[in-house]
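Next come the chains, spelled out residue by residue.
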Amino acid sequence: MDKITLITMAAAEAERLAAVVGGTVAFDPSDYRKLRELATELQRQDDANLSLYGRKVYEVYRHVEKYAELRKSYPANSRPVRKVCEAAAKTLAALERIGERIVTDVYRKAGAKYGV
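Sequence order as written defines the numbering, with residues in each chain counted from 1. This being a predicted model, a pLDDT of at least 70 is required before a residue's local features are given, and a value of 80 or more before pairs of side-chain atoms are given or counted; all residues contribute to the totals for chains, interfaces and linings. Side-chain measures here rest on the full set of heavy atoms in the structure, leaving out hydrogens and waters.

Draft legend 1. Broad picture of the overall build of the protein. Within the protein one finds four helices and zero strands. In the protein, the succession of α and β elements from N to C terminus is α-α-α-α. Overall size of the protein, expressed as C-alpha extent along the three principal axes, is 60 × 25 × 20 Å. In this analysis, two residues are considered to be in contact whenever any of their non-hydrogen atoms come within 4.5 Å of each other. Residue pairs at least 24 apart in sequence account for 61% of intrachain contacts in the protein once pairs closer than 6 positions are excluded. Surface accessibility follows the Shrake-Rupley procedure with a 1.4 Å probe radius. Residue values consider only the protein chains on display as shielding. With the model as given, the accessible surface of the protein reaches about 7200 Å², and the carbon-plus-sulfur share is 52%. In this tally, Lys and Arg are treated as positive and Asp and Glu as negative; His is ignored, and so are the chain termini. Every charge is mapped onto a representative atom, which is NZ of Lys, CZ of Arg, CG of Asp or CD of Glu. For the protein, the distance from the average site of its 21 positive side-chain charges to the average site of its 16 negative ones is 5 Å. Secondary structure elements follow DSSP: runs of H or I no shorter than four residues count as helices, runs of E no shorter than two count as strands, and numbering proceeds from the N terminus.

Written as structure tokens, this is what we have:
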């Protein structure tokens, strides 16, 4: 698959994880098998940005997994839950920036190749 397809699929899966933190969806690890496989595939890429993107996708998954565990024993406004939510939000923001960098790089290289 090409780079843009990979990051688009990963971004869609990451948005599903963000819904868990938002409280609209319950967390079930079996629902995110495709995300874990995609993160592993991205981490194995030769491109440093794609590899970083894969690591960040998996990091978001781990944050949401920890959030689900903490919510079983802590209220929503407790310090451990807030810290995990903040970490997940920072990682999601980093994912967005890395995704934009990858897309920009792809289009820049295509423009240089075709003389645009």
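Draft legend 2. Structural detail: the packing of helix α1 (residues 3-22) against helix α2 (residues 33-43). A fitted line through C-alpha atoms serves as each axis, taken over the contacting stretch for helices, and the angle formed by two N-to-C directions is quoted from 0 to 180°. One way to put it is that α1 packs onto α2 with a least axis distance of 10 Å and a crossing angle of 140 degrees. Put simply, α1 runs oblique to α2. Between α1 and α2 the crossing geometry is left-handed. Contacts between α1 and α2 involve Leu 6, Met 9, Ala 10, Glu 13, Ala 14 and Leu 17 from the former and Lys 34, Leu 35, Leu 38, Glu 41 and Leu 42 from the latter. When residues are sorted by character, Ala, Val, Leu, Ile, Met, Phe, Trp, Tyr, Cys and Pro go into the nonpolar class, Asp, Glu, Lys and Arg into the charged class, and all the rest, Gly among them, into the polar class. Taken together, the residues of the contact of α1 with α2 sort by class into eight nonpolar, no polar and three charged. By definition in this entry, angles of less than 35 degrees are roughly parallel, angles greater than 145 are roughly antiparallel, angles of 65 to 115 are roughly perpendicular, and the rest are oblique. The crossing is said to be left-handed when, going from far helix to near helix, the turn is anticlockwise and less than a right angle, and right-handed when the turn is clockwise.

Draft legend 3. Highlighting the packing of aromatic side chains. Any pair of Phe, Tyr and Trp rings, taking the six-membered ring for Trp, is counted once the centres come within 6.5 Å. Such a pair is stacked with planes under 30 degrees apart, edge-to-face with planes over 60 apart, and tilted for the rest. Here the structure, examined in full by the defined rule, presents four aromatic pairs. Of the aromatic side chains, those joined through ring pairs into one cluster are Phe 27, Tyr 32, Tyr 58 and Tyr 61.

Draft legend 4. Representation of the side chain of Ser 78 in the model. Relative to the elements of secondary structure, Ser 78 occurs in the loop between α3 (48-73) and α4 (79-114). For the exposure calls, accessible area comes from a 1.4 Å probe over protein chains only, and a residue counts as buried if that area is under 20% of its type's maximum, exposed if over 50%, partly exposed in between. A relative accessible area of 12% places Ser 78 in the buried class. We call two N or O atoms a polar contact when they sit within 3.5 Å, provided that within protein one can donate a hydrogen and the other can accept it, with sequence-adjacent residues counted only if both atoms are side-chain atoms. A polar contact of 3.0 Å, which involves the side chain of Ser 78, links it to the backbone oxygen of Pro 75.

Draft legend 5. Structural detail: the confidence of the model for the protein. Averaged over all residues, the pLDDT of the protein equals 88, while 97% of them reach at least 70. On a scale of 0 to 100, pLDDT captures the predictor's confidence in every residue. For the protein, α1 is the element with the lowest average pLDDT, namely 85, and α3 is the one with the highest, namely 92.

Draft legend 6. The nonpolar core, seen in detail. Core analysis: the largest hydrophobic core is formed by 26 residues, its most contacted members being Leu 17, Phe 27, Tyr 32, Leu 42, Tyr 53 and Val 57. For this core, the secondary structure elements donating two or more residues are α1, α2, α3 and α4. The element best represented in this core is α3, accounting for nine residues. For Phe 27, the residues in contact, after removing those within four places along its chain, are Leu 17, Val 20, Tyr 32, Tyr 61, Val 64, Glu 65 and Ala 68. Here, the term nonpolar core denotes a set of buried Ala, Val, Leu, Ile, Met, Phe, Trp, Tyr and Cys residues that are joined through side-chain atoms within 4.5 Å.

Draft legend 7. Summary view of a positive patch on the surface. On the surface, a cluster of positive charge is made up of Lys 66, Arg 79, Arg 82 and Lys 83. In terms of residue count, α4 provides more of the positive patch than any other element does, three residues in total. Assignment of secondary structure puts Arg 79 in helix α4. Patches draw on residues past 30% relative accessible area with no salt bridge. Two like charges within 9 Å are joined, as are two nonpolar side chains (Val, Leu, Ile, Met, Phe, Trp, Tyr) within 5 Å. Here a salt bridge means any side-chain nitrogen of Lys or Arg lying within 4 Å of a carboxyl oxygen belonging to Asp or Glu.

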